[in-house]
Amino acid sequence: MIKKNILYCSFIFFIVTIFFQIAVLIKLNQYDKKINRVASGITSNEKPPEQPEEPDTPSKVPDMEPSATETSGFTNYEDIDEVLSPARLTQTLTGSLFIGDSRTEGLYKFTPAAGYADFHCGVGYTVSTVKNNPQLSAAIAEKKYSRIFLCLGYNELGWDYPETFISRYAEFIQFIKDNSPDTRIYVIAVLNVCRESHNLEEYENNDRILQYNNLLSEMCQNSQVTYLDLNGYFTDSNGNLNPVSTEDGIHFTAVYYNYYLYRIIEASISHAG
């Protein structure tokens, strides 16, 4: 009887030992997994970090009907989605460079152009800013852009001598020609302003802008580059920047920057021949 009890106790001890070892192995396995997760930067209650989604390339301009004043005498923007489509922008802007001030920065921020062209622009930029920038000069010489769009002049309206502005502008254009002779250069006229209800400096007026644009037009003729004056598309009958197109009297709204890009592309195409 005693012998049977001993055998029974031994059997029970054997079974318990086996279950204990199994439990230990399971626990160690879980511990190893936890160690591996911590080592990879993922704690036990976290999901693996998700990869950021690729930003969608804007293919459609926000819906907005242009005002009758803005489109008076000109075609509407019925084909803007086609002109600013990825396929067309690849065709028209690839290999291009935009150089300019904060108005050009608006093209960079609010239109799909930055996905296809290079930009060198910023608040307060002048012709001196870009003319004396070694990185920009190197890029122009190395990349040999097919097209360069120059949108400068607004921040120079307060200069005492407009001739200094034109002289430096012409020098910069000559630099482009010397270092990238096959580049087609487009000089975009300074856009007018809307002074109504906006606190602009005294020199920020359309008479001063007209003076600068006349000098730009003459410079382009002498330098044999293309001059694009798009003011007629964005001004009212008095020559003021259309009030519906701007919130500060100087810069376009996001939607109108897309209209601006549309006009730049269409105008450059019409002058390409």
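Preceding this paragraph is the structure being described.
Quantities reported herein were computed from a predicted structural model and do not represent experimental measurements.

Participant: Describe the overall build of the protein chain, with residues and values.
Facilitator: Helices and strands together make up the secondary structure of the protein chain, namely 11 helices and 5 strands. Counting all 273 residues of the protein chain, 42% fall into the buried class. Partitioning the intrachain contacts of the protein chain with sequence separation of at least 6 by distance along the chain shows that 71% fall at a separation of at least 24. Carbon and sulfur atoms make up 53% of the accessible area of the protein chain, which amounts to about 16000 Å² in all.

Participant: Explain the pattern of salt bridges residue by residue, including any values.
Facilitator: Scanning the entire structure with this criterion turns up 4 salt bridges. In this structure, Arg88 and Glu82 form a salt bridge, with 3.4 Å as the shortest nitrogen-oxygen distance. The exposure class of Glu82 is partly exposed, given its relative accessible area of 48%. As a salt-bridge pair, Glu171 and Lys131 come within 3.2 Å of each other at their nearest N and O atoms. With a gap of 40 residues between them, Glu171 in helix α8 (residues 162–179) and Lys131 in helix α6 (residues 127–131) connect regions that are remote in the sequence. Assessed through its relative accessible area of 29%, Lys131 is described here as partly exposed. Each of the salt bridges in this network shares a partner with another, and the network as a whole consists of Glu82, Arg88 and Glu266.

Participant: Tell me about the packing of helix α7 (residues 134–143) against α8, residues and numbers included.
Facilitator: Running from N to C, α7 and α8 point in directions that differ by 40°, and their axes come no closer than 8 Å. By crossing handedness, the relation of α7 to α8 is classed as right-handed. Taking contact as the criterion, the partners of Leu136, Ser137, Ile140 and Ala141 in α7 are, on α8, Phe172, Phe175, Ile176 and Asn179. Residues belonging to the contact of α7 with α8 are distributed by class as follows: 6 nonpolar, 2 polar and no charged.

Participant: Quick one: what's the story with the pairing of strand β1 (residues 96–100), residue by residue and with numbers?
Facilitator: Taken across its 5 residues, β1 has 5 buried, putting it largely inside the fold. Here β1 shows no split at all, with Ser96, Phe98 and Gly100 on one side and Leu97 and Ile99 on the other all buried. Direction of pairing for β1 relative to strand β3 (residues 147–151): parallel, over a ladder of 5 bridges. Residue pairing for β3: Ile99 is matched across the bridge by Leu150. Across 4 bridges, the pairing between β1 and strand β2 (residues 118–121) is parallel. In the sheet register, Ile99 faces β2, and the bridge partner there is His120. As for the winding sense of the linkage, the β-α-β connection from β1 through helix α5 (residues 102–110) to β2 is right-handed.

Participant: Kindly report on the nonpolar core, identifying the contributing residues and their values.
Facilitator: If you look at the biggest cluster of nonpolar residues, it comprises 34 residues, and the most contacted ones within it are Leu93, Phe98, Phe234 and Tyr260. For this core, the secondary structure elements donating two or more residues are α3 (80–83), α4 (86–93), β2, β3, β4 (184–188) and α11 (254–270). Beyond its immediate sequence surroundings of up to four residues, Tyr260 is in contact with Leu107, Ile188, Leu191, Leu230, Phe234 and Phe252. Counting 32 residues, the second-largest nonpolar core is a separate cluster that includes Tyr169, Ile209, Cys220 and Tyr227.

Participant: Talk me through the sheet that holds strand β5 (residues 226–228); I want residue IDs and the actual numbers.
Facilitator: Read from one edge of the open sheet, 5 strands run β2-β1-β3-β4-β5, paired in parallel fashion. Single-partner strands in this sheet number two, and they are β2 and β5. Within this sheet the neighbouring strands show an average axis-to-axis angle of 20°, counted without direction. Seen against the sheet, α5 touches β1, β2 and β3 and runs at an angle of roughly 145° to β2. Its contacts with the sheet put α8 on β1, β3 and β4, and the angle it makes with β3 is roughly 170°.

Participant: Provide a residue-level description of the packing of aromatic side chains, including the pertinent values.
Facilitator: Applying the stated criterion to the full structure yields 16 aromatic pairs. Each ring, one from Phe110 and one from Tyr257, has its centre 5.9 Å from the other, and the planes form 20°; the classification is stacked. Of this pair, Phe110 sits in helix α5 while Tyr257 sits in helix α11, placing them 147 residues apart in sequence. For Phe110, a relative accessible area of 43% corresponds to the partly exposed category. Grouped by ring-pair contacts, the aromatic residues Tyr77, Phe110, Phe234, Phe252, Tyr256, Tyr257, Tyr259, Tyr260 and Tyr262 constitute a single cluster.

Rules behind the numbers
- Residues numbered from 1 in each chain as written.
- Predicted model: local features only at pLDDT ≥ 70, side-chain atom pairs only at ≥ 80, totals over all residues.
- Heavy atoms only, no water.
- Helix = DSSP H or I, 4+ residues; strand = E, 2+ residues; numbered from the N terminus.
- Buried < 20%, exposed > 50% of the residue type's maximum accessible area, 1.4 Å probe, protein only.
- Contact = heavy atoms within 4.5 Å.
- Areas by Shrake-Rupley, 256 points an atom, 1.4 Å probe, with all protein chains shown as cover.
- Salt bridge = Lys/Arg side-chain N within 4 Å of Asp/Glu carboxyl O.
- Axes fitted to C-alpha atoms, helices over the stretch in contact; angles between N-to-C directions.
- Left-handed = near helix turned anticlockwise from the far one by under 90°.
- Nonpolar A, V, L, I, M, F, W, Y, C, P; charged D, E, K, R; others polar.
- Pairing = 2+ DSSP bridges.
- Right-handed = clockwise from strand over helix to strand, strands pointing away.
- Core = buried A, V, L, I, M, F, W, Y, C linked by side-chain atoms within 4.5 Å.
- Phe/Tyr/Trp six-rings, centres within 6.5 Å; stacked < 30°, edge-to-face > 60°.

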